Every structure is written in structure tokens, then in C-alpha cells.
Amino acid sequence: QEKLNRKLQEVVDIQSKFLKIDYSIVSNQVILGSLVSANDTYFLISVSLPKIEIEGKNIFSVSPEAPLAQKMLGANLGDVINVNQIDYLIRSID
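Residues numbered from 1 in each chain as written. Predicted model: local features only at pLDDT ≥ 70, side-chain atom pairs only at ≥ 80, totals over all residues. Heavy atoms only, no water.

Undergrad: Explain the layout of surface pockets here, please?
TA: Where empty space is left in the structure can be found by rolling a water-sized probe over the atoms. In this structure, the largest pocket encloses a volume near 190 Å³. Along its surface, the largest pocket is lined by Asp13, Ile14, Lys17, Ile21, Leu32, Ser46, Val47, Ser48, Ser63, Pro64 and Glu65. Tallied by class, the residues present in the lining of the largest pocket amount to five nonpolar, three polar and three charged. (1 Å grid on protein atoms, 1.4 Å probe; cavity = no way out; pocket = protein on both sides within 12 Å on 5 of 7 lines; lining within 4 Å. Points joined across faces, edges and corners; volume = space filled by probe spheres on them. Nonpolar A, V, L, I, M, F, W, Y, C, P; charged D, E, K, R; others polar.)

Below, the structure is given as C-alpha cells:
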């Protein structure tokens, strides 16, 4: 029961963080809440969640604490970032 309660609290905390992010902010740089297209993959900089598919596109929700997100935050359209020896070309920021 205690383990279940801890997991439930963890889910509630993640939901709270997700809902506090303003996804309507438009920026030329990657910021918290940005939907970033890089290497034909979409990354939502928000909280860590399982991959989702929308209209045939895979979207990975990445925590700002993750190494990939840390490199992306502050990057601009056309920038190339390198994480784990993989170059990511930022093609769009929404």
C-alpha cells in the first residue's frame, strides 16, 4: 500500500509540473515547453513521459534535467548539438 501511495504521489507531482508549463510561449530559442524537431524526431521539453505518437509522428517528452534537453535549452533554429556522439540538427522550434 505504501509503495502504491508513493507511486501515485509521483504521478501527481509529474502532472503538476506538466500543467505549470506555459506551452503557448513562442521563442526563437529552445525553452521549457518547446516542441523541437531534430533529426526527424520531435522532443517536447517538459517532463519525462513515455513516447507518444500523434499523426504518425513520434514525440518524446524530455525532462529539462536530461542531458539532451540541457544541450537543447537555449539553442536556436539550425543549431547542431551533440549528445552521446550523436549530432542533432534543430529543424523547428514550436
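Once you've had a look at it, read on.
Undergrad: In this structure, what is going on with the pairing of strand 6 (residues 86–93)? I would like to understand it.
TA: A regular strand places its side chains on the two faces of the sheet in alternate fashion. Two strands pair when backbone bridges link them, and strand 1 (residues 35–38) and strand 6 are joined in this way by three bridges, in the antiparallel orientation. Bridge pairing in strand 6 places serine 37 opposite serine 92. The sheet contact formed by strand 5 (residues 80–83) and strand 6 spans four bridges and is antiparallel. For valine 80, the partnering residue across the bridge sits in strand 6 and is leucine 89. Two successive antiparallel strands, strand 5 and strand 6, enclose a turn made up of two residues, where asparagine 84 displays a positive phi of approximately 50°. (Pairing = 2+ DSSP bridges. Helix = DSSP H or I, 4+ residues; strand = E, 2+ residues; numbered from the N terminus.)

Undergrad: Would you mind showing me how to read unusual backbone geometry here?
TA: Negative phi characterises most residues that are not glycine, and trans characterises most peptide bonds. Look at aspartate 40: it is not a glycine, yet its phi comes out positive at around 60°. The residue aspartate 40 is located in the loop between strand 1 and strand 2 (41–45) in this model. Its relative accessible area of 70% is what places aspartate 40 among the exposed residues. One non-glycine residue, glutamine 85, adopts positive backbone phi at about 65°. Position of glutamine 85 among the secondary structure elements: in the loop between strand 5 and strand 6. Taking relative accessible area as the criterion, glutamine 85 reaches 77% and is therefore assigned exposed. (Buried < 20%, exposed > 50% of the residue type's maximum accessible area, 1.4 Å probe, protein only.)

Undergrad: I'm lost on the pairing of strand 4 (residues 57–62) in this one. Help?
TA: Here four bridges tie strand 2 to strand 4, and the two strands are oriented parallel to one another. Across the sheet, leucine 44 pairs through a bridge with serine 61, a residue of strand 4. In this structure, strand 3 (residues 52–54) lies alongside strand 4, joined through three bridges in antiparallel fashion. When the sheet's bridge partners are listed, glutamate 53 is paired in strand 4 with asparagine 58.

Undergrad: Explain the nonpolar core here, please?
TA: The tendency in soluble globular proteins is for nonpolar side chains to be buried as a group. Ranked by internal contacts, the top residues of the largest apolar core, which has 15 residues, are Val30, Phe43, Ile45, Leu68, Met72, Ile81 and Tyr88. Looking at this core, the elements with two or more residues in it are strand 1, strand 2, helix 2 (67–72), strand 5 and strand 6. Not counting residues within four places of it along the chain, the set of residues in contact with isoleucine 81 comprises Leu68, Lys71, Met72, Ala75, Ile86, Asp87 and Tyr88. (Core = buried A, V, L, I, M, F, W, Y, C linked by side-chain atoms within 4.5 Å. Contact = heavy atoms within 4.5 Å.)

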